[in-house]
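Here's the letter readout for the chains.
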Amino acid sequence: TGGIDDKSFNATAWVGIENAIADMGVEGKYLESQQQTDYEKNINAFVEEGCDLIVTVGFLLGDATQAAAEANPDQNFAIIDFGYDPVIPNVLGLVYATDEAAFLAGYVAAGTTQTGVVGTFGGLQIPSVTAFMDGFAMGVKYYNAEKGTDVVVLGWDEEAQTGLFAGNFESTDDGRNLAESLMDEGADIIMPVAGPVGLGAAAAAQQRGNAYIIGVDSDWYESASNYADITLTSVLKKMDNSVYDVTKQVAMGEFAGGFFTGTLENGGVGIAPYHDLDGMVSDELKAEVEDLKAAIIAGEIVTTPGQ
């Protein structure tokens, strides 16, 4: 419901289709949902058109996608941020270990904050959102343990699974208000996990002039370039690559249902360069982040709570 041009989640998924159109000559189109009641209607519209592949974008489409897939067993589906157990043979679930990449971003935030306070908030409290927040908070906690510091995370308690949410993925005003409240409490680095709502947070931080943003899904330095001057890094969820790959599988007659999990190891998630703010991140901190990445891939560091 955040729109195809949300500079973040939906836009990144659509880039995968756009690249497939350019490279493979496939025909691609999209339908936008204005509310959750549109999900079933839009999926069925594409079923009736005889699409070779229908990609549903987001955890909230899980039930509608399952219903359509079971009613149309010869129709290929891929869904972002949802996996089925047991597997539905004609659905490929595309899921992402964003907690791994967000852990690195949290560590960077803890290592660059000047106030000792960082913040995060989400759009809705659903697993695909809170995974970012878990990783971010745990990355800060790891930095504190390693360095003997006491950087505070506002907006999310990964142990209690409670925090700050806009309640939607549309309202930039909500994002501005949430960011202002976090900045009022001292946060000078904020990671909004809320699609276009996060752009409101970026606007507030830019206006204040004393806070920085960590983007999510895409590299906000590029996708939300109006805020390039305050974007420290972004937690990348490379949905464009996996949507492209499944489109290619369908085109080559190699589609199979099941799961794909994007990780640091396979490049499905990551963090963006520091771009114009590279000078804020010391060479020592950059090296530590690379070491952390290797340790996470090796399974030596846990990035989700309760494990």
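A. Focus on the pattern of salt bridges. The full count for this structure, using the stated rule, is 13 salt bridges. We note a salt bridge from Lys237 to Asp81, for which the minimum N-O separation is 2.7 Å. One end of the pair, Lys237, is in strand S10 (residues 231-237); the other, Asp81, is in the loop between strand S2 (76-80) and strand S3 (91-96), and 156 residues separate them in sequence. Per residue, the accessibility class of Lys237 equals that of Asp81, and both read buried. A salt bridge links Glu180 to Arg176; the nearest nitrogen and oxygen atoms lie 4.0 Å apart. Residue Glu180 and its partner Arg176 are located together in helix H6 (residues 172-184), separated by 4 residues, close to a single helical turn. Overall, Arg176 belongs to the partly exposed group, its relative accessible area being 26%.

B. Quick look at unusual backbone geometry. In this structure, the amide linkage connecting Asp85 to the following residue, Pro86, adopts the cis form with an omega of 5°. Locating Pro86 in the fold gives a position in the loop between S2 and S3. The phi torsion at Gln161 lies on the positive side, around 55°, for a residue other than glycine. Overall, Gln161 belongs to the partly exposed group, its relative accessible area being 30%. Positive phi, normally seen in glycine, also occurs at Asp217, with a value near 75°. Here Asp217 lies in strand S9 (residues 212-217).

C. Quick look at the environment of Tyr107. In this structure, Tyr107 sits in helix H4 (residues 98-112). Judged by its relative accessible area of 4%, Tyr107 falls in the buried class. For the pair Tyr107 and Asn90, spaced 17 residues apart in sequence, the C-alpha separation works out to 39 Å. When neighbours within four sequence positions are excluded, Tyr107 is seen to be in contact with Gly139, Val140, Tyr142, Tyr143, Lys147, Leu285, Glu288, Val289 and Leu292.

D. Expanded view of the environment of Thr233. Checked against the element boundaries, Thr233 lands in strand S10. Classification of Thr233 as buried rests on a relative accessible area of 0%. Here the alpha-carbon distance between Thr233 and Val216, two residues 17 residues apart in the chain, equals 8.7 Å. Leaving out residues up to four positions away in the same chain, Thr233 has contacts with Ile213, Ile214, Gly215, Ile271, Ala272, Pro273 and Tyr274. Here the side chain of Thr233 touches Ala272 through a polar contact of 2.6 Å, landing on its backbone oxygen.

Cut-offs used in this document
Residues numbered from 1 in each chain as written. Predicted model: local features only at pLDDT ≥ 70, side-chain atom pairs only at ≥ 80, totals over all residues. Heavy atoms only, no water. Salt bridge = Lys/Arg side-chain N within 4 Å of Asp/Glu carboxyl O. Helix = DSSP H or I, 4+ residues; strand = E, 2+ residues; numbered from the N terminus. Buried < 20%, exposed > 50% of the residue type's maximum accessible area, 1.4 Å probe, protein only. Contact = heavy atoms within 4.5 Å. Polar contact = N/O pair within 3.5 Å; in protein donor to acceptor, adjacent residues only side chain to side chain.

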